[in-house]
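# Structural overview for review
Read off the chains here:
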Amino acid sequence: MSATNAEVNHGAVVNDAVVNNEMSVISGHSPSLGSVGRVSPEPQIPGDQRPENATASNESLLQRVVSRVTETGNNLRESVDSAVGMTSRGMQMFSMLVQAYYYRASPEAVAKILSLAGIYGKLAQYLVARMDEFQHLLTGSDQQVAGFIGDLMRVVSQYPAGELNSDYVLDLLDEQIANSGYLDEMWANGVDISHVNTVGRGTICQLDRVDINGIDYVVKTVSPSLSRSIGGDVDLLTKCIIPAMGLMRHFSKSDVEVFSNAVKTFGQETDLSRELVNTEKQAAVLKRLSETKAYSIKVSVGDQTCQVPLKFKAPEVNETLSNSNILVMEFIDGCSLDRLEEVSERLRLWRPDWNNCEQLSEVQIKSIINSLYQQVLTVYLEAWQQSGFLNVDFQPGNFMMKLEGGGITVNFIDHGNCVVLKDFMGAINNVINYSLLHGLFVFFHNRCHGKNQAEENQSPSASDTLLVPSRIRDLTCIPLSCRDVERIKLLVSDYQRVFRETIIPSMDDFLNEYQREQTVEQVCLQLFNWLQSSWVLMNEDNDESRRALQRDAFVNDLPVLLYRLAIGNENFNLEDESQLRRKIDFAFDDIVRDMGFHMRLEDILLIRVKAQIEAFRMLVLEAVLGES
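Described in the following lines is the structure provided in the data block. Remember, predicted model here, so these are calculated numbers, not experimental data.

### Considerations on the pairing of strand β1 (residues 193-201)
- Sheet topology places β1 next to strand β2 (residues 206-212); seven bridges connect them, and they run antiparallel. Across the sheet, residue Arg201 finds its bridge partner in β2, namely Gln206.

### Description of the sheet that holds strand β6 (residues 326-330)
- Spatially, the four strands line up as an open sheet ordered β1-β2-β3-β6, and their pairing is antiparallel. Two strands close off the open sheet at either side, each with one partner strand: β1 and β6. In this sheet, neighbouring strand axes are inclined to one another by 30° on average, regardless of whether the strands run parallel or antiparallel.
- Across five bridges, strand β3 (residues 215-221) lies against β6 in antiparallel orientation. In the strand pairing of β6, Val218 is matched with Met329.
- Against the sheet, helix α6 (residues 166-180) makes contact with β1, β2, β3 and β6, and its axis sits at roughly 120° relative to β1, the strand it touches most.
- Helix-sheet contacts for helix α10 (residues 272-292) involve β3 and β6, and the interaxial angle to β6 is about 30°.

### What about the pattern of salt bridges?
- Here the structure, examined in full by the defined rule, presents 26 salt bridges.
- Salt bridges here are not isolated pairs; linked through shared partners, they connect Asp333, Arg339, Glu342 and Arg346.

### As for helix α11 (residues 340-349)
- Of the residues making up α11, those classed as buried are Leu340, Val343, Ser344 and Leu347. End-on view of α11: buried residues confined to an arc of 95°, all on one side of the axis. Along α11, the residues that are exposed and aim more than 90 degrees away from the buried face are Glu341 and Leu349.

### Details of the pairing of β3
- Taking burial as the measure, the seven residues of β3 include five buried ones, the bulk of the element.
- The loop that links β2 with its antiparallel partner β3 comprises two residues; one of these, Asn213, has a positive phi angle of about 50°.

### A closer look at the environment of Arg288
- Positionally, Arg288 belongs in helix α10.
- For Arg288, a relative accessible area of 41% gives the class partly exposed.
- Sequence-wise, Arg288 and Ser387 are 99 residues apart; in three dimensions their C-alpha atoms are separated by 9.7 Å.

### As for α10
- Across its 21 residues, α10 extends 31 Å between first and last C-alpha, which sits within 8% of the 30 Å expected from 1.5 Å per residue.
- Every buried residue of α10 is listed here: Leu272, Glu275, Leu276, Asn278, Thr279, Gln282, Val285, Leu286 and Leu289.

### Quick word on the packing of aromatic side chains
- Following the criterion strictly, the structure yields 23 aromatic pairs and no others.
- Relative to Phe312, the ring of Tyr295 has its centre 5.5 Å away and its plane inclined at 85°; by these criteria the two rings are edge-to-face. Of this pair, Tyr295 sits in strand β4 (residues 295-301) while Phe312 sits in strand β5 (residues 304-313), placing them 17 residues apart in sequence.
- When its relative accessible area of 4% is taken as the criterion, Phe312 is described as buried.
- Ring geometry for Phe443 and Phe444: centres 5.4 Å apart, planes at 50°, overall tilted.
- Members of the aromatic cluster, connected to one another through ring pairs, are Tyr295, Phe312, Tyr373, Tyr380, Phe394, Phe399, Phe412 and Phe616.
- Above the ring of Phe331, the side-chain terminus of Arg209 is found at 4.0 Å from the ring centroid.
- In this arrangement the basic side chain of Lys610 is found over the ring face of Tyr495, its NZ or CZ atom lying 5.2 Å from the centre.

### Some words on the nonpolar core
- In terms of nonpolar packing, the biggest core is built from 109 residues, with Ile408 and Phe499 touching the most fellow members.
- A per-element tally of this core places helix α12 (residues 362-387) first, with twelve residues.
- Beyond its immediate chain neighbours, meaning those up to four positions away, Phe499 contacts Leu381, Trp384, Ile504, Leu606, Val609, Lys610 and Ile613.
- In terms of nonpolar packing, the next biggest core, distinct from the first, is built from 19 residues, Ile204, Val256, Val263 and Val317 among them.

The rules behind these values
Every chain's residues receive numbers from 1 upward, in the order its sequence appears when written. Local features in a predicted model are, by the rule used here, given only for residues with pLDDT of at least 70; side-chain atom pairs are given and counted only at 80 or more, and totals for whole chains, interfaces and linings are based on all residues. Only hydrogens and water are removed before side-chain values are computed, so all heavy atoms of the structure are retained for them. Two strands are said to pair when DSSP picks up at least two bridges between them. We count a stretch as a helix when DSSP gives it H or I for four or more residues in a row; a strand needs E for two or more, and each element gets its number in order from the N terminus. Helix axes use the C-alpha atoms of the stretch in contact, all axes being lines fitted to C-alpha atoms, and the angles between their N-to-C directions lie in the range 0 to 180 degrees. Note on contacts: a residue pair qualifies if any of its non-hydrogen atoms lie within 4.5 Å across the two residues. A side-chain nitrogen of Lys or Arg and a carboxyl oxygen of Asp or Glu constitute a salt bridge if their distance falls within 4 Å. Between buried and exposed lies partly exposed: a residue is buried under 20% and exposed over 50% of the maximum accessible area for its type, with that area taken using a 1.4 Å probe on protein chains only. By construction, the arc corresponds to the directions joining the helix axis to the C-beta atoms. Each helix should span, by expectation, one fewer than its residue count multiplied by 1.5 Å. The aromatic pairing rule takes the rings of Phe, Tyr and Trp, using the six-membered ring of Trp, and pairs them if the centres are within 6.5 Å, calling planes under 30 degrees apart stacked, those over 60 edge-to-face and the rest tilted. Criterion for a charge above a ring: Arg CZ or Lys NZ at most 6 Å from the ring centre, at most 35 degrees from the ring normal. We define a nonpolar core as any set of buried Ala, Val, Leu, Ile, Met, Phe, Trp, Tyr and Cys residues linked to one another through side-chain atoms lying within 4.5 Å.

Next comes the structure, spelled out in structure tokens:
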């Protein structure tokens, strides 16, 4: 079918009013309450004297009052409808979570959460962001946890986004082509558009292969109903469920803020203009990386070893034909790395020159797949280290393999959720400094209640009871116990194994420093430095004198707070990490938030990426190498 520059048509009748209405719903546009004017009080006129235009003035006032009452009524009705919808959705979610909990040993049971569609599919993946919070849902060793996550990620594809009719996809494309100016600039003779097939659906978006004037493109879209559902789910989670967890003291205020922001990032994935920008950023990063380093896969051919060229890129996007509701990209004739059977089959059908145009052996195929997975992880980490740009949705399904001549090209896809993160040590530094905080509390607790006091000058004194800040600041302690240091070293070693030592350096010298005697003031200064470097300071003030006053206030107030907590909790179980966190971390969180510090979302996302990489490696071991 063809269209002139006056119209674009693929055979479907388009109702412009319906399309425009759906588009406004997707983009979230609504009348602003701020546009409603205030009603000025009617001036009182003494006696029976009234101006000639009093009747018109009264009518105008009456109209404004009626308009305001009507607007208020409409808003109230919308609020009630929203509350009813959130309640219904909340009950559905609670029911599914209860089922998932009672059948938690099975990834398929937990994956029932994904059947709620959209954001709950993303939240199921996001469980890896704070695995310590959800540890009670799982049993077994860390390896079993990683295996569970890997199984869950594979099950995700069973619960895709809602299916979109191909006519709706083409209608969106028609409208964008008509508005883009392409008809006048490039296709003045008309446009032939046809839907080839639906390539796939994720937890939020659908991908369709579309032919435009003989060229294949991939068109990514989100259904209006799913977009509305996700918007409601974001409100439900950020305004009701997560704050309720904070009120019940399961989450600190910072936890509530970070989790709410994380949920909002999932909702932003319905804005495809964000993904367009992120895809272009990823393409630029991979291009710069390829200019400095050549990649290849070693494959044995008889008695020789061949170097198979390996390229990494991101799909080219068509900015003109894309907007917040539709993303148009080049079509990649390949398959994602989560489809191992299809990857293997494509390699069996390959007849590269370096293999004398013959079919690859099973040994060669397994070797290529193994190297391909390893190289994907290597390039993902190298690109992140070079640029700080990170796609926080790391999974095999987000890498597309394409066989081209005698080489292989891997496309990094699905960039809806990306961040810029250059502080690779954020998550580790959080653990270290919270351990220092706990160490101070343990020191004060032992001192208050006469436990483990080896030296005379460490015994309680009258000034302790008076909580004199200068006296408390000058006390000396060993901030980190041997057990704490060993635990942190294991954590650092674990991060080095996942992210490589080039990204995560050794922390031994830093940790050894805090196994030596330090004053309370020195430890508090370290904690303040951590806040300045790793937290976000709202309304940051560059005045050095004010920052110095803020630092001095922190160094004075924190020890007093910890000492008071120690005095009031004589029977506190110092071995209970959960109890320490709720009592000490929550109190600390209140102080730093009052100072204007807020926890960074990126540090939590890094924990998520770490767990995803571990699951990715386990998938390689089980599915590719056949190892347990």
